[in-house]
Amino acid sequence: MGRLEGKVAIVTGAGSGIGEATARVMAREGASVVVADINRSAAERVARELGSAVAVEVDVSDEASVVRMVETAVKSFGGLDVLHNNASDASANALDVDIVDLDMELFDRLIAVNLKAHVMGCKHAIPHMLARGGGSIVCTASIEGIVGRGVRTAYGAAKAGVVLLTKSVAAQYGSLGIRCNAVAPGLVLTPALRNHYTSPEQIAASLEIYPMPRLCEPQDVANAVLFLASDEAAYVNGATLMVDGGATVYMPSAQFDAARRRASRPPPR
Ligand SMILES: NC(=O)c1ccc[n+]([C@@H]2O[C@H](COP(=O)([O-])OP(=O)(O)OC[C@H]3O[C@@H](n4cnc5c(N)ncnc54)[C@H](O)[C@@H]3O)[C@@H](O)[C@H]2O)c1
């Protein structure tokens, strides 16, 4: 029996990257999946490859569109048990470089897609989860919502908001059977990131920063989302699970010692 057998799940931003990987593991574990994305053809491509799934075109920053997405889940599969708030606009995020140069329309857009969308997802999913006696919400935060970075002022503020939103929803609805948790990935090697947003030099430099023998793949994050969505995490509520390979747990100087250690030992097999 699958870990989400008989459950109905919505995954936003499921047309690529982490959302696509999550939609695939959820379907593999027995869920009926609403593959939701602003890119209709990408959502349709993923949904076609899953067992019980439907594609939905959604703009997560638009409330009417979010309502339609949730209604599609209920009409297609009879209810809603799991919501993965995950969509984000990588091309807009990439423009968020420095606070002094930050265009305030861009700021509004980044907050709308990266924070307000999570609020609206919870707002409209929760009543349907209550009708089923409970549910599980998993939000995609980021290490950039935990520690400051040289760039991404608005994105980081939005992701920090997601971490607190997760706790608020957990506190408000935990006793009614709805758990709300978040994952906070570091750098994840999605196709978009590999092809458009990260150079081979940046990837090589990241290997020095992350205290792991490899960088994170979308599947690593999807596995964490699956755990939080499933009954295996039945008593986990309001948590933000770091999926960053330990990038945020050490002082940068620790990597000098790690480099010395690597140089004196053979690489792990
Ligand atoms: N890739 C990373 O390194 C990384 C690190 C930390 C956190 N994250 C977070 O992980 C999540 C997924 O990111 P990803 O790297 O898989 O990105 P991605 O670009 O591969 O996928 C994001 C998807 O969201 C969709 N999307 C964009 N705007 C939308 C909108 N308004 N409404 C609905 N869908 C929309 C895109 O079409 C795309 O399919 C995001 O919340 C991102 O902030 C990513």
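These numbers were taken from a predicted model, which means no experiment stands behind them.

Draft legend 1. A look at the site of the ligand. With respect to spatial proximity, 27 residues lie near the ligand, and among them Ile18, Asp37, Asn86, Tyr155 and Val188 are the closest. Within the contact set of the ligand, an oxygen atom lies 2.8 Å away from a backbone nitrogen or oxygen of Ile18. Lys159 places a polar side-chain atom, nitrogen or oxygen, 2.9 Å from an oxygen atom of the ligand. Here the ligand loses 90% of its free accessible area of 840 Å² to cover by the protein chains. Elements supplying a minimum of two residues to the shell around the ligand: helix H1 (17-28) and helix H6 (153-173). Of the residues in the shell around the ligand, the class split is 11 nonpolar, 11 polar and 5 charged.

Draft legend 2. The pairing of strand S2 (residues 32-37), seen in detail. With respect to burial, S2 is a largely interior element, 6 of its 6 residues being buried. Every second residue of S2 is oriented toward a common face, with Ser32, Val34 and Ala36 on one face and Val33, Val35 and Asp37 on the other, all of them buried. Sheet topology places strand S1 (residues 8-12) next to S2; 5 bridges connect them, and they run parallel. Note on S2: the bridge partner recorded for Thr12 is Ala36.

Draft legend 3. Focus on empty space enclosed by the protein. As enumerated under the stated definition, the model contains 1 cavity of 30 Å³ or more in all. Estimated volume of the largest cavity: approximately 60 Å³. Contributing to the lining of the largest cavity are Thr12, Val60, Val66, Met69, Asn85, Asn86, Ala87, Val113, Ala117, His118 and Gly121. Of the residues in the lining of the largest cavity, the class split is 6 nonpolar, 5 polar and no charged.

Draft legend 4. How the structure looks around the environment of Thr140. Position of Thr140 relative to the elements: it lies in strand S5 (residues 135-140). C-alpha of Thr140 to C-alpha of Pro127: the two residues are 13 residues apart in sequence and 21 Å apart in space. Aside from chain neighbours lying at most four places away, what touches Thr140 is His84, Asn85, Asn86, His118, Lys159, Val162, Val183 and Pro185. Engagement of the side chain of Thr140 in a polar contact is seen with the side chain of His84, the distance being 2.7 Å.

Draft legend 5. Here's a closer look at the side chain of Thr22. Counting through the fold element by element, Thr22 comes out in helix H1. A residue is classified by how much of its surface remains accessible, and Thr22, at 0% relative accessible area, is buried. Discounting residues that sit within four places of it in the chain, Thr22 has contacts with Val11, His84, Ala222 and Val225.

Draft legend 6. Fine view of the sheet that holds strand S3 (residues 53-57). Reading across from one edge, S3-S2-S1-S4-S5-S6-S7 is the order of the 7 strands in this open sheet, with parallel pairing throughout. A single partner strand is all that each edge strand has here, and the edge strands are S3 and strand S7 (240-243). Ignoring which end each strand starts from, the neighbouring axes of this sheet average 15° apart. Each of S2 and S3 is contacted by helix H2 (residues 40-49), which is oriented at about 175° to S3, the strand it contacts most. The sheet strands contacting helix H9 (residues 218-229) are strand S4 (82-85), S5, strand S6 (178-185) and S7, and the helix crosses S6 at an angle near 165°.

Draft legend 7. Structural view of the nonpolar core. Ile10, Met69, Leu80, Met129, Ile137 and Val169 are the most contacted members of the largest nonpolar core, which totals 36 residues. Every element with two or more residues in this core is listed here: S1, S2, helix H3 (63-77), helix H5 (104-131), S5, H6 and S6. In contact with Ile10, not counting residues within four places along its chain, are Val34, Ala36, Met69, Val70, Ala73, Leu80, Val82, Leu83 and His84. Counting 31 residues, the second-largest nonpolar core is a separate cluster that includes Met26, Ala31, Cys216 and Ala224.

Draft legend 8. Seen up close, H5. With 28 residues, H5 ought to run about 40 Å at 1.5 Å a step, and its terminal C-alpha atoms sit 39 Å apart, in line with that. In H5, a bend of some 40° at Ala112 exceeds every other bend along the element. Between a side-chain oxygen at the N-terminus of H5 and the backbone nitrogen of Glu105 the separation is 2.9 Å; the capping residue is Asp103. Backbone geometry just downstream of H5 places Gly133 in the positive-phi region, at approximately 90°.

Rules of the game
- Residues numbered from 1 in each chain as written.
- Predicted model: local features only at pLDDT ≥ 70, side-chain atom pairs only at ≥ 80, totals over all residues.
- Heavy atoms only, no water.
- Near = heavy atom within 4 Å.
- Polar contact = N/O pair within 3.5 Å; in protein donor to acceptor, adjacent residues only side chain to side chain.
- Areas by Shrake-Rupley, 256 points an atom, 1.4 Å probe, with all protein chains shown as cover.
- Helix = DSSP H or I, 4+ residues; strand = E, 2+ residues; numbered from the N terminus.
- Nonpolar A, V, L, I, M, F, W, Y, C, P; charged D, E, K, R; others polar.
- Buried < 20%, exposed > 50% of the residue type's maximum accessible area, 1.4 Å probe, protein only.
- Pairing = 2+ DSSP bridges.
- 1 Å grid on protein atoms, 1.4 Å probe; cavity = no way out; pocket = protein on both sides within 12 Å on 5 of 7 lines; lining within 4 Å.
- Points joined across faces, edges and corners; volume = space filled by probe spheres on them.
- Contact = heavy atoms within 4.5 Å.
- Axes fitted to C-alpha atoms, helices over the stretch in contact; angles between N-to-C directions.
- Core = buried A, V, L, I, M, F, W, Y, C linked by side-chain atoms within 4.5 Å.
- Expected span 1.5 Å × (residues − 1).
- Bend = angle between axes of the 7 residues up to and from the residue.

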